[in-house]
Amino acid sequence: MAIKNVSLVYDEKVNINRKAIEHRATWMGLTYDEGVKAGVDAEGITRRAIARTGLFHGENDKAMCEDPTDMRQFADAFLDDLGKSTFQMDVTECTKDDLKIEFHYCPLLAAWKKQGFDDETCAKLCDMAMDGDRNIAKAMGYELELTDTIASGCPVCKLHFHK
């Protein structure tokens, strides 16, 4: 697998946001790594903490929607211009019942690669990080399909939120 995670956006606000996300991803990756070295259930602990974070953010997103069953309202709550630029997102479908997003860049993955994590570990860290999005979906009453990830060698991450 050859991971390609290339940024095409150069903007001061985007770069500041990416650095903040990279900083948090560095904490996540190194905390996971130290847990593995200590012989604890590092993956389980990390997943549970990230899942709780996702539920918290999902409840906030839900509160911002007049009709949480309408994914167009969820998209407005979940996606802002800075976030879309940070991850170089393209919304490929946004209807009442479906939200499909492609991510062309991942600052979390950039951080993990800078820390020297191998591709397999990066893919595992990515999957753990996606527990946040999975639980945002859960809090909203949705499902999330993650079919492709940059961390697994795909050109983009594909997220499909649906009922």
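Residues numbered from 1 in each chain as written. Predicted model: local features only at pLDDT ≥ 70, side-chain atom pairs only at ≥ 80, totals over all residues. Heavy atoms only, no water.

### Here's the deal with the pairing of strand β4 (residues 157–162)
For β4, the tally of buried residues reaches five of six residues, placing the bulk of the element in the interior. Both strand β2 (residues 98–103) and β4 contribute to a ladder of six bridges, which runs antiparallel. Bridge pairing in β4 places aspartate 98 opposite histidine 162. Here five bridges tie strand β3 (residues 143–148) to β4, and the two strands are oriented antiparallel to one another. Note that in β4 the partner of aspartate 148 across the bridge is lysine 158. (Buried < 20%, exposed > 50% of the residue type's maximum accessible area, 1.4 Å probe, protein only. Helix = DSSP H or I, 4+ residues; strand = E, 2+ residues; numbered from the N terminus. Pairing = 2+ DSSP bridges.)

### Quick word on the side chain of aspartate 133
Tracing the backbone shows aspartate 133 in helix α6 (residues 119–140). As a buried residue without a salt bridge, aspartate 133 has its nearest oppositely charged side chain in arginine 134, at a separation of 7.7 Å. Those residues in contact with aspartate 133 that lie beyond four places of it in its chain are Phe78, Leu144 and Phe161. (Lys, Arg positive; Asp, Glu negative; His and termini not counted. Salt bridge = Lys/Arg side-chain N within 4 Å of Asp/Glu carboxyl O. Contact = heavy atoms within 4.5 Å.)

### Side note on the environment of lysine 62
Its place among the elements puts lysine 62 in helix α2 (residues 42–63). Residue lysine 62 is classed as partly exposed on the basis of its relative accessible area of 31%. A sequence separation of 39 residues divides lysine 62 from isoleucine 101, and the C-alpha atoms of the two residues are 19 Å apart. When sequence neighbours within four positions are dropped, the list of residues in contact with lysine 62 reads Pro68, Ala139 and Met140.

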